[in-house]
Amino acid sequence: MSRADQRVKGSLYLRGLLLDGRRKSMQSMAGRLGVDHQQLQQFMTSSTWPVDSVRAGLARRAVAVVRPQVWVGDDTGFPKDEMSSPGVARQYSGTLGARV
């Protein structure tokens, strides 16, 4: 990230994700960090930064440390609360191993 303020807010956000605590919402992370949650919210919604180069850098670091044999990508699946959740069609969830 080229701007210093983005690096500071990005660092805060990452620290918030790594801290203990079940909830990782902006408000709960900000409370644990002792900052206003708007700083984290603005970083996530308003900051522009090159996603592809960040992902590529993370992948290079992971390969150097883990030396993976294969890569598998699977989204995190959440079961629907009820049979008729609004706006949610039945779909396969790899995490749950079934159509939900």
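This one's a predicted model, so the numbers in the text were calculated from it and none came from an experiment.

Rules used throughout
Residues numbered from 1 in each chain as written. Predicted model: local features only at pLDDT ≥ 70, side-chain atom pairs only at ≥ 80, totals over all residues. Heavy atoms only, no water. Helix = DSSP H or I, 4+ residues; strand = E, 2+ residues; numbered from the N terminus. Buried < 20%, exposed > 50% of the residue type's maximum accessible area, 1.4 Å probe, protein only. Contact = heavy atoms within 4.5 Å. Areas by Shrake-Rupley, 256 points an atom, 1.4 Å probe, with all protein chains shown as cover. 1 Å grid on protein atoms, 1.4 Å probe; cavity = no way out; pocket = protein on both sides within 12 Å on 5 of 7 lines; lining within 4 Å. Points joined across faces, edges and corners; volume = space filled by probe spheres on them. Nonpolar A, V, L, I, M, F, W, Y, C, P; charged D, E, K, R; others polar. Axes fitted to C-alpha atoms, helices over the stretch in contact; angles between N-to-C directions. Parallel < 35°, antiparallel > 145°, perpendicular 65-115°, else oblique. Left-handed = near helix turned anticlockwise from the far one by under 90°.

Visitor: Go over the overall build of the protein chain with me, naming the residues and quoting the values.
Guide: Per the secondary structure count, the protein chain includes four helices and two strands. Along the chain direction, N to C, the helices and strands of the protein chain fall in the order α-α-α-α-β-β. When burial is assessed residue by residue, the protein chain has 17% of its 100 residues classed as buried. In the protein chain, the proportion of contacts linking residues at least 24 apart, taken out of those at least 6 apart, comes to 23%. Looking at the protein chain as shown, the accessible area adds up to about 8,100 Å², and 55% of this sits on carbon and sulfur atoms.

Visitor: I'd like a rundown of the layout of surface pockets, residues and numbers included.
Guide: Empty space within the largest pocket amounts to approximately 330 Å³. Around the largest pocket, the lining is made up of 14 residues, and of these Met1, Leu14, Phe43, Trp49 and Val54 lie nearest the centre. Take the lining of the largest pocket: its biggest share by element is six residues, from helix α1 (residues 4-18). Residues belonging to the lining of the largest pocket are distributed by class as follows: ten nonpolar, three polar and one charged.

Visitor: Can you tell me about the packing of helix α2 (residues 26-33) against helix α3 (residues 37-46), naming the residues and giving the values?
Guide: One way to put it is that α2 packs onto α3 with a least axis distance of 8 Å and a crossing angle of 130°. Considered as vectors, α2 and α3 are oriented oblique to each other. Between α2 and α3 the crossing geometry is right-handed. For the pair α2 and α3, contact is made by Met26, Gln27, Met29, Ala30 and Leu33 and by His37, Leu40, Gln41 and Met44, respectively. Taken together, the residues of the contact of α2 with α3 break down into six nonpolar, three polar and no charged.

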